[in-house]
Amino acid sequence: QVQLVESGGGLVQAGGSLRLSCAASGSMFSINAMGWYRQAPGKQRELVASITRGGTTTYAYSVKGRFTVSRVNAKNTVYLQMNGLNAEDTAVYYCHAAAITAWVPEEYDYWGQGTQVTVSG
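Residues numbered from 1 in each chain as written. Predicted model: local features only at pLDDT ≥ 70, side-chain atom pairs only at ≥ 80, totals over all residues. Heavy atoms only, no water.

## Some points on the nonpolar core
Counting 31 residues, the largest nonpolar core has Leu4, Met34, Trp36, Leu80, Met82 and Tyr93 as its most contacted members. With 5 residues, strand β9 (residues 91-101) is the largest single contributor of residues to this core. (Core = buried A, V, L, I, M, F, W, Y, C linked by side-chain atoms within 4.5 Å. Buried < 20%, exposed > 50% of the residue type's maximum accessible area, 1.4 Å probe, protein only. Helix = DSSP H or I, 4+ residues; strand = E, 2+ residues; numbered from the N terminus.)

Here it is, written out as structure tokens:
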């Protein structure tokens, strides 16, 4: 299996910035897409940003121009640089990876435990 661990969440004032990190660990796995989802209380989980191994990115319209997703494939790590944060960004952010393991030759979705981002406002 694949384990994902997020870090970097916290409390920040409106207009501030945070950088989230997520590291994948395990053995005999290969990650294709990797990225971030978020879920606010009473709302559905939504895609924030994702990036493929080749570097193709996808962003939610609401974060384009403010957030940047990147990854270091050799370290199995994905980052989310969040600038210009506002109250609407308050949510639990979950790291996500679509990975194939040696034991199961199919792509599965793996999730981190989530990290809280709270923006004052």
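So that's the structure; there's more coming.
## Describing the sheet that holds strand β7 (residues 67-72)
Here we have 4 strands laid out as an open sheet, ordered β1-β3-β8-β7, and antiparallel in their pairing. Looking at the sheet topology across the chains shown, the edges are occupied by β1 (2-7) and β7. Neighbouring strand axes in the sheet, compared pairwise and without regard to direction, differ in orientation by 15° on average. For strand β3 (residues 18-26) and strand β8 (residues 77-82), the ladder comprises 6 bridges, and the chain directions are antiparallel. Of the residues in β8, the one forming a bridge with Arg19 is Gln81. (Pairing = 2+ DSSP bridges. Axes fitted to C-alpha atoms, helices over the stretch in contact; angles between N-to-C directions.)

Any functional reading would require information beyond the geometric quantities listed.
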